[in-house]
Amino acid sequence: MKIRLHLVIQIILFAMIWLIIGINQLDTSRFFIENSITFGFQVLTILLTSYFVAPKLLFQKKYLAFALISIATITLGAYLSSILSFKPPEIEPDLLPRPDGPPPPSAFFIHLLLILVSYILSILAETFIFAQKKEEAIAKQSAALAESELKFLKMQINPHFLFNSLNNIYALSISNSEKTPESIHSLSEMLRYVIYDCERPEVPIEKEIQYILNFIELFKLRSSKAFNISFNNQLKHNSMMVAPMLFIIFIENAFKHSGIEKGGDAFVNITLSASNNVITFIVENSLPKIKINKDKNSGIGLKNAEKRLEIYYPNKHSLEISSKEKYSVNLKLHTDE
């Protein structure tokens, strides 16, 4: 049976209480002899509470059994303690002075109070420790769940980018375009970032910026005509740390729903800035004149992005999405730097 530290502390606490009371008695040695049995029953009560009553009954929600066992334990402990404790030699009643007032409480009642106090304090200590351990277990479980959820979300995101990029390269290769090697190089840079850097919980924001630039360059290689795409990087320090692949979801969504592939007045504008440890990311895109048919997987990327924001930046982000005259996303991240 493993002795727990809080049990030792409780036993030492009661021992100190008895010691302080005993020191102030006229006959200290006699006091300790008379109350040694009571102290022993208090220790037994603490051990019984810690190893059986609390974990097997109270914390298992067996409240009726807990109540019955508690009453029986306290009553039996008080009874045995009162009859086994050392008793001083009896003095003839005629020799004793007759005290005024009510008679003193019985030995059983005194021992009942002593056992009851130790029992209640032990239950309170066990309940506090149980609640603390349960809270720690919930925190660890939540962290493990969040980590597994993030890995699952990344598994959904990465193939999505790869599928779109390979489609672009396939279209270039069919036309024997000279841009094919360049597009393969851009894709390899993106994959290197996804495979190696995105395994970390945070990355320098400059890596996110480079990934965005590669994405834009890969998109531009799809056609010889110019696209109305702007990326305004206002960051003065590129060493700020952010969660990987948060911005690209909104950028890809803007490219997909702006109708920019058809040219005309379609546009995509991206702005990235920072002030007072707050990163501001804004992406705006035109609304196509002809409504784009959405597939069954439409909206998965945005839902993933919102979920990742809740995990990475709980109560430290704000996301505003508007789709009136143009579609716009305004994301603010509060970093710890």
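Details of the structure are given in the entry above.
Here we summarise the structure given alongside this text. (Residues numbered from 1 in each chain as written. Predicted model: local features only at pLDDT ≥ 70, side-chain atom pairs only at ≥ 80, totals over all residues. Heavy atoms only, no water.)

1. Observations regarding the overall build of the chain
In step 1: Across its full length, the chain carries 8 helices and 7 strands.
In step 2: Of all 337 residues assigned to the chain, the portion counted as buried reaches 36%.
In step 3: Restricting the contact set of the chain to residue pairs at least 6 apart, pairs at least 24 apart contribute 74%.
In step 4: Entry remark: accessible area of the chain is about 21400 Å², with carbon and sulfur atoms responsible for 61%. (Helix = DSSP H or I, 4+ residues; strand = E, 2+ residues; numbered from the N terminus. Buried < 20%, exposed > 50% of the residue type's maximum accessible area, 1.4 Å probe, protein only. Contact = heavy atoms within 4.5 Å. Areas by Shrake-Rupley, 256 points an atom, 1.4 Å probe, with all protein chains shown as cover.)

2. Some remarks on the sheet that holds strand β7 (residues 327-334)
In step 1: The 5 strands are arranged β2-β4-β5-β7-β6 in an open sheet whose pairing can be described as mixed. Of all the strands in the sheet, just β2 (229-233) and β6 (317-323) have a single pairing partner and so form its edges. Pairs of neighbouring strands in the sheet enclose a mean axial angle of 5 degrees, with direction left out of account.
In step 2: In the sheet, strand β4 (residues 268-275) pairs with strand β5 (residues 278-285) via 8 bridges, with the strands oriented antiparallel. Bridge assignment links alanine 274 to a residue of β5, and that residue is isoleucine 279.
In step 3: In the packing of helix α6 (residues 205-220) onto the sheet, contacts are made with β2, β4 and β5, and the angle to β2 comes to roughly 165 degrees.
In step 4: Here helix α7 (residues 247-257) sits on the sheet in contact with β2, β4, β5, β6 and β7, set at roughly 10 degrees to β5. (Pairing = 2+ DSSP bridges. Axes fitted to C-alpha atoms, helices over the stretch in contact; angles between N-to-C directions.)

3. Observations concerning the packing of aromatic side chains
In step 1: Considering all chains together, one arrives at 8 aromatic pairs under this definition.
In step 2: Ring geometry for phenylalanine 250 versus phenylalanine 281: centroids 6.4 Å apart, planes at 45 degrees, classification tilted. Pair noted here: phenylalanine 250 is in helix α7 and phenylalanine 281 is in strand β5, with a separation of 31 residues, a long-range link. The burial state of phenylalanine 250 is the same as that of phenylalanine 281; both residues are buried.
In step 3: Members of the aromatic cluster, connected to one another through ring pairs, are Phe215, Phe219, Phe227 and Phe255. (Phe/Tyr/Trp six-rings, centres within 6.5 Å; stacked < 30°, edge-to-face > 60°.)

4. What about helix α1 (residues 5-23)?
In step 1: With 19 residues, α1 extends 27 Å between its outermost C-alpha atoms, agreeing within 8% with the 27 Å of an ideal straight helix rising 1.5 Å per residue.
In step 2: When we look at burial in α1, the residues that qualify are His6, Leu7, Gln10, Phe14, Trp18 and Gly22. Mapping the buried residues of α1 onto a view down its axis gives an arc of 160 degrees, with all of them on the same face. For α1, exposure combined with an orientation more than 90 degrees from the buried face picks out Leu5, Ile9, Ile20 and Ile23. (Expected span 1.5 Å × (residues − 1). Arc of directions from axis to C-beta.)

5. Points about unusual backbone geometry
In step 1: We note that methionine 245 has phi near 60 degrees; this positive angle belongs to a residue other than glycine.
In step 2: With respect to the secondary-structure elements, methionine 245 resides in the loop between β3 (241-242) and α7.

6. Some thoughts on a nonpolar patch on the surface
In step 1: Taken together, the side chains of Phe109, Ile110, Leu113, Leu116, Val117, Ile120, Leu121 and Leu124 present a nonpolar region at the surface, about 670 Å² in accessible area.
In step 2: Within the secondary structure layout, valine 117 lies in helix α4 (residues 107-174). (Patch = residues over 30% accessible without salt bridge, like charges linked within 9 Å, V, L, I, M, F, W, Y side chains within 5 Å. Salt bridge = Lys/Arg side-chain N within 4 Å of Asp/Glu carboxyl O.)

7. Quick notes on the pattern of salt bridges
In step 1: Throughout the structure, instances matching the rule amount to 4 salt bridges.
In step 2: Salt-bridge contacts for arginine 200 lead to aspartate 197; the nearest nitrogen and oxygen are separated by 4.0 Å.
In step 3: Of the residues examined, arginine 200 reaches a relative accessible area of 45% and is grouped as partly exposed.
In step 4: Among the ionic pairs, aspartate 197 bridges to lysine 207, the shortest N-O distance being 3.8 Å. Note that aspartate 197 is positioned in the loop between α5 (180-196) and β1 (203-204) and lysine 207 in helix α6, a separation of 10 residues in sequence.
In step 5: Aspartate 197 gets classed as buried once you look at its relative accessible area, which sits at 11%.
In step 6: Three or more residues are tied together by salt bridges with common partners; here these are Asp197, Arg200 and Lys207.

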